[in-house]
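Residues per chain, in single letters:
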Amino acid sequence: MNWAFLFLRIAIGLSILTLLFLSQRFWYRSLWRMTSNWGQVWLRVGARVAYVSILLIVIATLIEAISLGRGRIIPRASMIGVLTGLWFFSALFAYLAVKIVHGIDRVWRLLRTTTANAASAVPASANASTIPAVAETVADPGRRYFFRAATAAAGAAPFLGAMYGFAAERLNYQVRRVEIPMHNLPPALDGLKIVQISDIHLSSYMSRAQVRRAVDMANDLGADLAVITGDLITGMGDSIADCVEEVRRLHAPLGTWGCNGNHEIYARVEDEAAYLYAQAGMKLLRHENAQITFKGAQFNLLGVDYQRERTSRGQRQQTLAGVEPLVRRDMPNILLSHNPNSFNRAAELGIELSLAGHTHGGQIQVEILDHRLSPARFITDYIAGLYQRPLFAAAVNGRASAAGDKPPVTMHSSSMARIYVNRGLGTVGAPVRLGVPPEISLLVLRNA
């Protein structure tokens, strides 16, 4: 047992729960103060009881979501699940924003007080006539108004951002066309087009109609090969059969292929997914490979289930274990692996191209001074887009360069392995996307 890893997970979990509790207590106390000025007693009591009742329902829904259960308490397909995600997301970040403004206000007052005390200190040699008889402290109404307005803006911004991310950007499907150079790509495969969809997460946040719209957009691209890199659903209460029924409408001459994500494992539908894929005329690759012919040339398509980086005891384990026999040396290799953290090992094995998802691009991304800040940075170096690292390089920990960066001067670009990380279609947790719109990828292979 890796006790350090276990304690770290417990500490992170307790920290999140503590923040959620503090944020809900903050907003309840704010409601209490606001309603205390209401003249009618029944209005005050009614508002507080309504808030507590709604909060209990929201907490029950949150427990259902965390447990990925079958909706025994709250139906998963209900609007309550959507509102729960929006409320917890908005309330938490609004609470943090307000506390940051309050902290700045305290620091400002401390600095002003320190400056005022220093200015009022008079040297002993000073003439007594120059010392004021009474030192007055005058309130600064401008500062108070500024910080009061800043607090209101900080509290409102997350709620407004969440509504925009839910109602607009979450549904703003975008097609990203990316040309990917590949090592030793046969001339016949130059220009091969692959359409990639990932992280659909059919749930109360993602309807069948929305999945159908994404599939229609993918079909309009005229790709030669279609791939789905995991997470068709979110939890046990979601219908994987409904999702497969929608994605089976993908049309590509070389067929539709996929791999399992971590949510198929959480929902315990890995085998069912493989069966439904086969029934729909598609293929779910589970530690398997297939040789596909295009214009007389072949490439090797591999697929694996979600790759865990640690055992249940917290000990590190090698990703892509046992994949070596599936890798071909006489043709290009393309790997479908939901977790992009398997890329280092894939490059070490000589797999020229990996296709992944899992990160959702962080779902929320903020750019400050040309630096992109994303929650996904805490779990992977490969957040979204195209990355590269040297082929056959040892899979040691370390950041790979983005595909747009220059590779080391001693390394020719043709000997690089590459990964493309799809930003996904759906959401997990809060039904919000900000700065990371859902993506349908059109990948065009080019000879490096």
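Notes on the structure in this doc start here. None of these values were measured; they are calculated from a predicted model. (Residues numbered from 1 in each chain as written. Predicted model: local features only at pLDDT ≥ 70, side-chain atom pairs only at ≥ 80, totals over all residues. Heavy atoms only, no water.)

1. Focus: the environment of Tyr173
Quick reminder of the rule: Strands here mean DSSP runs of E at least two residues long; helices mean DSSP runs of H or I at least four residues long; both are numbered from the N terminus. What qualifies as a polar contact is a pair of N or O atoms within 3.5 Å, subject to a donor-acceptor requirement within protein and to the restriction that residues adjacent in sequence count only when both atoms come from side chains.
Looking at the secondary structure, you find Tyr173 in the loop between helix 4 (141-167) and strand 1 (174-182). Through-space distance from the C-alpha of Tyr173 to that of Ile440 is 7.2 Å; in sequence the pair is 267 residues apart. A polar atom in the side chain of Tyr173 sits 3.5 Å from the backbone oxygen of Gln210.

2. What about the nonpolar core?
Heads up, the condition is: What makes a nonpolar core is a set of buried Ala, Val, Leu, Ile, Met, Phe, Trp, Tyr and Cys residues whose side-chain atoms join them at distances within 4.5 Å. Accessibility here uses a 1.4 Å probe with only protein chains present; expressed as a share of the type maximum, an area under 20% marks a residue as buried, one over 50% as exposed, and anything in between as partly exposed. Any two residues whose heavy atoms approach within 4.5 Å are treated as being in contact.
Counting residues in hydrophobic clusters, the biggest one holds 33 residues, and the most contacted among them are Ile200, Leu232, Ile240, Val244, Leu250, Leu425 and Ile440. Residue assignment for this core shows that the elements contributing at least two residues are strand 2 (193-197), helix 5 (208-219), strand 3 (225-229), helix 6 (240-247), helix 8 (270-279) and strand 15 (439-447). Excluding anything up to four places from it in sequence, Ile200 contacts Met206, Val211, Gly230, Asp231, Leu232, Cys243, Val247, Leu425 and Gly426. Core analysis: the second largest hydrophobic core is formed by 27 residues, Trp257, Ile292, Leu353 and Leu355 among them.

3. What to know about helix 8
In an α-helix, one turn spans 3.6 residues, which is why side chains three or four residues apart end up on the same side. Quick reminder of the rule: The directions considered for the arc run from the helix axis to the C-beta atoms.
Every buried residue belonging to helix 8 is among Ala273, Leu276 and Tyr277, and all of these are buried. When helix 8 is viewed along its axis, its buried side chains cluster within an angular range of 105° and face the same direction. More than 90 degrees from the buried face of helix 8, the exposed residues found are Asp271, Tyr275, Ala278 and Gln279. Against strand 3, helix 6, strand 4 (256-259) and strand 5 (283-284) lie the buried residues of helix 8. Once helix 8 finishes, Gly281 follows within two positions and takes phi at roughly 80°, a positive value.

4. What to know about the sheet that holds strand 5
As a reminder of what qualifies: Here the rule is simple: two strands pair whenever DSSP picks up at least two bridges between them.
Taken together, six strands build an open sheet; the order of strands is 1-15-2-3-4-5 and the sheet is mixed. Among the strands making up the open sheet, the edge pair consists of strand 1 and strand 5. Note: strand 3 against strand 4, four bridges, orientation parallel. Each residue of the ladder has a partner; that of Val227, found in strand 4, is Trp257.

5. Some points on a positive patch on the surface
What counts is decided by this rule: Candidates for patches are residues over 30% relative accessible area with no salt bridge; among them, like charges are joined within 9 Å and nonpolar side chains (Val, Leu, Ile, Met, Phe, Trp, Tyr) within 5 Å. Calculation of accessible area relied on Shrake-Rupley with a 1.4 Å probe; when residues are assessed, cover is drawn exclusively from the protein chains displayed. Any carboxyl oxygen of Asp or Glu that lies within 4 Å of a side-chain nitrogen of Lys or Arg is treated as forming a salt bridge with it. The charged-residue count follows a simple rule in which Lys and Arg add positive charge and Asp and Glu add negative charge, with His and chain termini not counted at all. Charged groups are reduced to one reference atom each: NZ for lysine, CZ for arginine, CG for aspartic acid, CD for glutamic acid.
A cluster of like positive charges, contributed by Arg25, Arg29, Arg33, Lys99 and Arg106, occupies part of the molecular surface. Within the residue set of the positive patch, elements represented by two or more residues are helix 1 (3-35) and helix 3 (79-120). Tracing the sequence through the fold places Arg25 in helix 1.

6. Regarding the packing of helix 6 against helix 8
Test applied: Axes, fitted as lines to C-alpha atoms, cover a helix only where it is in contact. Angles between the N-to-C directions of the axes lie from 0 to 180 degrees. Here is the rule for handedness: rotate from the far helix to the near one, and if that takes an anticlockwise turn smaller than a right angle the crossing is left-handed, while a clockwise turn gives right-handed. For this classification, Asp, Glu, Lys and Arg are treated as charged, while Ala, Val, Leu, Ile, Met, Phe, Trp, Tyr, Cys and Pro are nonpolar and the rest, including Gly, are polar.
One can describe the packing of helix 6 onto helix 8 by two numbers: an axis separation of 10 Å at closest approach and a directional angle of 35°. Handedness of the helix 6/helix 8 crossing: right-handed. For the pair formed by helix 6 and helix 8, the contact residues are Ile240, Ala241 and Val244 on the first element and Glu272, Ala273, Leu276 and Tyr277 on the second. For the contact of helix 6 with helix 8, the residue count by class is six nonpolar, no polar and one charged.

7. So, the packing of aromatic side chains
For clarity, the threshold we go by: Paired rings are identified among Phe, Tyr and Trp, the last through its six-membered ring, by centres lying within 6.5 Å, and are further divided according to the angle between planes into stacked (under 30 degrees), edge-to-face (over 60) and tilted (the rest). Charge-over-ring contacts are defined here by two conditions on Lys NZ or Arg CZ: a distance within 6 Å of the ring centre and an angle within 35 degrees of the ring normal.
This structure, assessed with the given rule, holds nine aromatic pairs. Residues Phe146 and Phe147 carry aromatic rings whose centres are separated by 5.2 Å and whose planes lie at 80° to one another, so their mutual orientation is edge-to-face. What makes Phe146 exposed here is its relative accessible area of 51%. Relative accessible area serves as the criterion here: at 8%, Phe147 is assigned to the buried category. It is Arg48 that lies over the ring of Trp32; its NZ or CZ is 3.6 Å from the centre.

8. Things to note about unusual backbone geometry
Of note, Asn184 is a non-glycine position whose phi angle comes to about 55°, a positive value. Positionally, Asn184 belongs in the loop between strand 1 and strand 2. At Gln363, a position not held by glycine, the phi torsion is positive, near 65°. Inspection of the secondary structure puts Gln363 in the loop between strand 9 (353-356) and strand 10 (366-368). When its relative accessible area of 9% is taken as the criterion, Gln363 is described as buried.

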